[in-house]
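# Reading the structure
Here's the letter readout for the chains.
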Amino acid sequence: STMAWEGLWTRKQRFMHMLAARGHRVLYVEPVTQPLARFVGKDQVRAGWRARLAQPDPRRELYVLTPPFGLPYAARHPLPFAWNRQLMQAAAARAARRLGLGPDALVWTYLPWNPDRLRPRHLVYDCVDEHAAYPGVNAAMIRAAEGELLERADLVFVTAEGLREEREGRARRCVYLPNGVDVGAFAPPAPDPVPAELAGLPRPIAGYVGAIYAWIDIDLLAAVARARPHWSFVLIGPTDQDLSPLLACGNVRHLGPRPRDRVPAYVRHFDVGLNPFRLTELARHVNPLKVYEYLAAGIPVVSTDMPEVQRLGDVVRIASDATGFAAALDAAAAERHDPDRVAARQAVAWQHDWSVLFQRALDAVAAATGIAL
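The paragraphs below set out a description of the structure included in this document. (Residues numbered from 1 in each chain as written. Predicted model: local features only at pLDDT ≥ 70, side-chain atom pairs only at ≥ 80, totals over all residues. Heavy atoms only, no water.)

### Concerning the packing of helix α10 (residues 289–296) against helix α13 (residues 339–351)
- Remark: α10 packs on α13, axes separated minimally by 7 Å, with the N-to-C direction vectors making an angle of 130°. By the angle between their directions, the pair α10 and α13 is classed as oblique. As for the relative orientation of α10 and α13, their crossing is left-handed in sense. Mapping the contact onto sequence places Tyr292, Leu295 and Ala296 in α10 and Arg345, Gln346, Val348 and Ala349 in α13.
- Residues belonging to the contact of α10 with α13 are distributed by class as follows: five nonpolar, one polar and one charged. (Axes fitted to C-alpha atoms, helices over the stretch in contact; angles between N-to-C directions. Helix = DSSP H or I, 4+ residues; strand = E, 2+ residues; numbered from the N terminus. Parallel < 35°, antiparallel > 145°, perpendicular 65-115°, else oblique. Left-handed = near helix turned anticlockwise from the far one by under 90°. Contact = heavy atoms within 4.5 Å. Nonpolar A, V, L, I, M, F, W, Y, C, P; charged D, E, K, R; others polar.)

### Observations regarding the nonpolar core
- Counting 58 residues, the largest nonpolar core has Phe233, Val267, Phe270 and Leu329 as the members making the most contacts within it.
- Counting residues per element, this core draws most heavily on helix α7 (residues 218–227), which supplies six residues.
- The residues contacting Leu329, other than those within four sequence positions of it, are Ala206, Val224, Trp231, Phe233, Val272, Leu274 and Val302. (Core = buried A, V, L, I, M, F, W, Y, C linked by side-chain atoms within 4.5 Å. Buried < 20%, exposed > 50% of the residue type's maximum accessible area, 1.4 Å probe, protein only.)

### Some words on the side chain of Glu308
- Residue placement: Glu308 occurs in helix α11 (residues 307–310).
- Given a relative accessible area of 3%, Glu308 falls into the buried group.
- With sequence-adjacent residues up to four places away left out, Glu308 is seen in contact with Thr159, Ala160, Glu161, Tyr176, Val286, Asn287 and Pro288.

### Overview of a positive patch on the surface
- Together, Arg94, Arg97, Arg117 and Arg119 make up a region of like positive charge exposed at the surface.
- Within the secondary structure, Arg97 sits in helix α2 (residues 78–99). (Patch = residues over 30% accessible without salt bridge, like charges linked within 9 Å, V, L, I, M, F, W, Y side chains within 5 Å. Areas by Shrake-Rupley, 256 points an atom, 1.4 Å probe, with all protein chains shown as cover. Salt bridge = Lys/Arg side-chain N within 4 Å of Asp/Glu carboxyl O. Lys, Arg positive; Asp, Glu negative; His and termini not counted. Charge placed at Lys NZ, Arg CZ, Asp CG, Glu CD.)

### Comments concerning α2
- The end-to-end C-alpha distance of α2, which contains 22 residues, comes to 31 Å, matching closely the 32 Å that a straight helix rising 1.5 Å per residue would cover.
- With its phi angle positive at about 75°, Gly100 sits one or two positions after the end of α2. (Expected span 1.5 Å × (residues − 1).)

### Quick notes on the sheet that holds strand β11 (residues 272–275)
- A sheet is described by the order of its strands in space; here six strands give the open sequence β10-β9-β8-β11-β12-β13, paired in parallel fashion. Of all the strands in the sheet, just β10 (252–256) and β13 (316–319) have a single pairing partner and so form its edges. Between one strand axis and the next, the sheet turns through 25° on average, direction left out of account.
- Relative to strand β9 (residues 232–236), α7 is tilted by about 155°, and along the sheet it contacts β9, β10, β11 and β12 (301–304).
- Here helix α12 (residues 322–334) sits on the sheet in contact with β8 (205–209), β9, β11, β12 and β13, set at roughly 165° to β12. (Pairing = 2+ DSSP bridges.)

Structure below.
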């Protein structure tokens, strides 16, 4: 995986948890990190100088492997890239043997390189991002490594049509499988108390949940916050960015990360959900999970103009600049409690419920490998 087990939960943890719930033995391999990561805002860095194997829930045979520390700058230079790749595979191979996972085990990867040392008989690549478009990476190196993986994988999932366009001709089998949401977790229960951090804030509240990293347009948010001083803007999630220009607006709060089981309560009490991605090559290939969470809670959404958001139709308002974004917030807040609009948003969310997408994934795996999960 590219994500620590206790990091922000996405399909990576969700799918593996669902496989374990079906009685399968699952080894979840966390990404290799380097010692300084804990000092630069990276969430849930738990690594040490030795690999560690844990079982988060004794009721399920899901095991989490934390590889030992690796070398820095692995996404930029070939030597640390190769070293960390071998380090992860060696640790994974040892843990797999310890757990009795033999050569018939299915390898399911989110990393853009071929796990050749594991000698997988069956290999699934779940491509959720354009890895070569991340800031500060060696794009040519990442594309070359991913090219080997595309040739080897039995099945490639993609979360965005842009990802499929660039991989379909090189992969044996390529299936579009967007991101999703646990609708039941976000649908409003009764009663539904307002979280204490939101209770005293002026309304309307525009909220964001997720990682606040380089792909989030902090400048746009600051301009919108200044344009709507009577609104409250709330950000929930880890960050490695300097948020001081944004927080200086006075009507912006950064609450930091919250436990995943508490996040829905915050989202349900937003008046509008925010999806302020920078319009870069990365955004063109992202299927923003947070948008489905907002829709499942029934709240209106305002987003920058991303192809995968356009596919959601009129349940999301799209803006191209700060002026348009602020105007879209006003229009969205006006229809916050319209029962027909709430129902339309949740109807779209149900089409993307994790249970629906997971079954589609299992059907595709069976068709590609002959393995019935």
